[in-house]
Amino acid sequence: MVGLSGCSSSQAAFESDDPLNDLVNPQRTARQRTSIMAQLPGLIESGRVQRDAAIERLKTIAWAREMPSVLRENAMIALLGDQALLGEAEAIAFLGTLLPTENDGRVTAFAA
């Protein structure tokens, strides 16, 4: 099972009024943003967050070289991991465009 890095099950969930914007809010800690990523499947299921909007925000984070590696890796886990938001074809297309230009070893190691 692939879990989000830096997010333990015993850690309290970070509550957010605007989860998708908080994912890219630099005033939020990496731990808070990782907590939101871990909550996305439930937020989508409850209708609080739209699936397509969550996928696009996570893709933006995964592509953003200025983001900390841990957040980029966690975005990829949310997109591709056990509770993947992307289907197999979408995942292959995403990785096919990201990896050829990626130079962050942590990100490429995850995708390998």
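Note: the structure precedes this text.
Just so we're clear, the structure is a prediction, and the values are computed from it rather than from any experiment.

Caption draft 1: Region of interest: the pattern of salt bridges. In this structure the tally under the stated criterion is eight salt bridges. Here D104 ties to R72 by a salt bridge, and the two come within 3.6 Å at their closest N and O atoms. In this pair, D104 sits in the loop between helix 5 (88-98) and helix 6 (105-111) while R72 sits in helix 4 (residues 69-80), placing the two residues 32 residues apart along the sequence. Sharing partners across several salt bridges, the network here consists of R65, R72, E102 and D104.

Caption draft 2: Representation of helix 2 (residues 30-45) within the structure. For helix 2, which comprises 16 residues, the first-to-last C-alpha distance of 24 Å matches the rise-based estimate of 22 Å (1.5 Å per residue) to within 8%. Most pronounced at Q39, the bend in helix 2 amounts to some 50°, and the proline P41 follows within four residues. Residues R33, T34, S35, I36, M37, L40, L43 and I44 constitute the buried set of helix 2. Buried-residue contacts for helix 2 involve helix 1 (19-22), helix 3 (51-63) and helix 4. Downstream of helix 2 by a residue or two, G47 has a phi angle that is positive, lying close to 85°.

Caption draft 3: Looking closely at the environment of P19. With respect to the element layout, P19 can be found in helix 1. With a relative accessible area of 7%, P19 lands in the buried category. Measuring from C-alpha to C-alpha, the distance between P19 and M37 comes to 8.6 Å, with 18 residues separating the pair along the chain. The residues touching P19, leaving out its near neighbours within four places in the chain, are I36, L43, R48 and V49.

Caption draft 4: Highlighting the packing of helix 3 against helix 4. Between helix 3 and helix 4, the shortest axis-to-axis distance is 8 Å and the interhelical angle comes to 145°. Crossing of helix 3 over helix 4 shows left-handed handedness. Here I55, L58, K59, I61, A62 and W63 of helix 3 lie close against helix 4, whose contacting residues are L71, R72, A75, M76, A78 and L79.

Caption draft 5: The nonpolar core, seen in detail. Residues L23, L40 and L58 are the most contacted members of the largest nonpolar core, which totals 28 residues. Of all the elements in the fold, those that place two or more residues in this core are helix 2, helix 3, helix 4, helix 5 and helix 6.

Caption draft 6: Looking closely at the packing of helix 4 against helix 5. Across the interface, helix 4 lies against helix 5 with an axial gap of 11 Å and an inter-helix angle of 155°. One element, helix 4, and the other, helix 5, form an angle in the roughly antiparallel class. Crossing of helix 4 over helix 5 shows left-handed handedness. Judged by residue contacts, R72, M76, L79 and L80 of helix 4 engage A91, F94, L95 and L98 from helix 5. In terms of residue class, the contact of helix 4 with helix 5 is made up of seven nonpolar, no polar and one charged.

Reading guide: rules and limits
- The written sequence of each chain sets the order in which its residues are numbered from 1.
- Totals for whole chains, interfaces and linings use all residues, but because this is a predicted model, local features are given only for residues with pLDDT of at least 70 and pairs of side-chain atoms are given and counted only at 80 or more.
- Only hydrogens and water are set aside when side-chain values are computed; all heavy atoms of the structure are taken into account.
- For salt bridges, the criterion is a side-chain nitrogen of Lys or Arg within 4 Å of an Asp or Glu carboxyl oxygen.
- A run of H or I in DSSP counts as a helix once it spans at least four residues, and a run of E counts as a strand once it spans at least two, with each numbered from the N terminus.
- Expected helix span is computed as 1.5 Å times (number of residues minus one).
- A residue's bend is given by the angle between axes fitted to the 7 residues ending at it and the 7 residues starting at it.
- Categorising residues by exposure relies on relative accessible area from a 1.4 Å probe, with only protein chains included: less than 20% of the type maximum marks a residue as buried, more than 50% marks it as exposed, and the intermediate range marks it as partly exposed.
- What makes two residues a contact is simply this: any of their non-hydrogen atoms within 4.5 Å.
- Whenever a helix is involved, its axis is fitted only over the stretch in contact; in every case the axis is a line through C-alpha atoms, and angles between N-to-C directions fall within 0 to 180 degrees.
- Left-handed describes a crossing in which the near helix is turned anticlockwise from the far one by less than a right angle; the clockwise case is right-handed.
- Residues belong to one nonpolar core when they are buried, are Ala, Val, Leu, Ile, Met, Phe, Trp, Tyr or Cys, and are joined through side-chain atoms within 4.5 Å.
- By the definition adopted for this analysis, an angle is roughly parallel if under 35 degrees, roughly antiparallel if over 145, roughly perpendicular if from 65 to 115, and oblique otherwise.
- Residues were grouped as follows: Ala, Val, Leu, Ile, Met, Phe, Trp, Tyr, Cys and Pro as nonpolar; Asp, Glu, Lys and Arg as charged; and all remaining residues, including Gly, as polar.

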